[in-house]
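# Geometric and topological summary
Chain residues, written in single-letter form:
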Amino acid sequence: MLQSERVVAVAPRVASGKWVGKEGFVAEAAIQFERIGGTIARLERELEKSRETIAEMAEEASRNKRFQAFEMSLENSRDYKITDLQRTCKDLKSRLDAIEGDRSKFAGLTYKSFEPVDRKLAELSGLGAHIDRIEFAARRNEVLFFGALALAAFSLASRFFF
């Protein structure tokens with residue numbers, strides 16, 4: 001117990017005269033000030049809670065903004081990849097069209113797919129290898145013929161000169 005409370009408890013004051021009305025007003029004002037002080041304290045606590053809530057909400061909004069930026073970058077990356085793939089497909093299609101030629105002549109073509117073309121190229125390649133072997137054999141035979149001819153000429157020449 002505080003000393004001022006002991007004094008009040010020991011010696012209760014009794015107001016007399018014109019101070020009686022003022023003491024009631026002062027007591028009411030003190031009670032109202034105490035209520036206002038309690039209200040202010042409660043409002044300060046609520047303000048602190050509101051500040052914490054606002055800070056949490058700001059952090060959540062920041063997280064959402066970062067996540068949204070991440071999603072946007074993923075979407076842009078996906079869109080770029082799709083656009084690049086479309087551009088590559090168009091390039092391949094134009095190259096294939098250039099290889100295939102005019103499509104109006106397609107019905108009259110002998111080779112309508114790559115498989116028969118591949119077989120024909122393999123056949124021509126085999127024919128080219130066969131021609132190379134024949135040319136090699138012809139050159140070998142030519143060298144042997146000229147060698148034999150030179151030997152015959154040498155033997156004739158040796159017969160006349162020796």
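Given the structure is predicted, the values throughout are model-derived calculations rather than measurements.

### Details of the overall build of the chain
The helix and strand inventory of the chain stands at three helices and zero strands. For the chain, the α and β elements follow one another from N to C terminus as α-α-α. A burial count over the chain gives 1% of its 162 residues as buried. Accessible area of the chain: about 15,200 Å², with a carbon and sulfur share of 63%.

### Points about the pattern of salt bridges
Under the defined criterion, the tally for this structure stands at nine salt bridges. Of the charged contacts in the structure, one is a salt bridge between R42 and E46, with a shortest N-O distance of 3.1 Å. Taken together, the residues span about one helical turn, with R42 and E46 both in helix α2 (residues 19–100) at a distance of four residues. What emerges from the salt-bridge pattern is a single network uniting E59, E60 and R63.

### Re a nonpolar patch on the surface
Together, L121, L124, L127 and I131 give the surface a local cluster of nonpolar side chains, amounting to about 360 Å² of exposed area. The exposed category is assigned to L121, whose relative accessible area is 53%.

### As for the confidence of the model for the chain
Low pLDDT marks stretches whose predicted atomic positions should not be read closely. Per-residue confidence for the chain gives a mean pLDDT of 84, with 81% of residues at or over 70. Mean pLDDT in the chain bottoms out at helix α1 (residues 3–10), which sits at 44, and peaks at α2, which reaches 91.

Cut-offs used in this document
Residues numbered from 1 in each chain as written. Predicted model: local features only at pLDDT ≥ 70, side-chain atom pairs only at ≥ 80, totals over all residues. Heavy atoms only, no water. Helix = DSSP H or I, 4+ residues; strand = E, 2+ residues; numbered from the N terminus. Buried < 20%, exposed > 50% of the residue type's maximum accessible area, 1.4 Å probe, protein only. Areas by Shrake-Rupley, 256 points an atom, 1.4 Å probe, with all protein chains shown as cover. Salt bridge = Lys/Arg side-chain N within 4 Å of Asp/Glu carboxyl O. Patch = residues over 30% accessible without salt bridge, like charges linked within 9 Å, V, L, I, M, F, W, Y side chains within 5 Å. pLDDT = per-residue confidence, 0-100.

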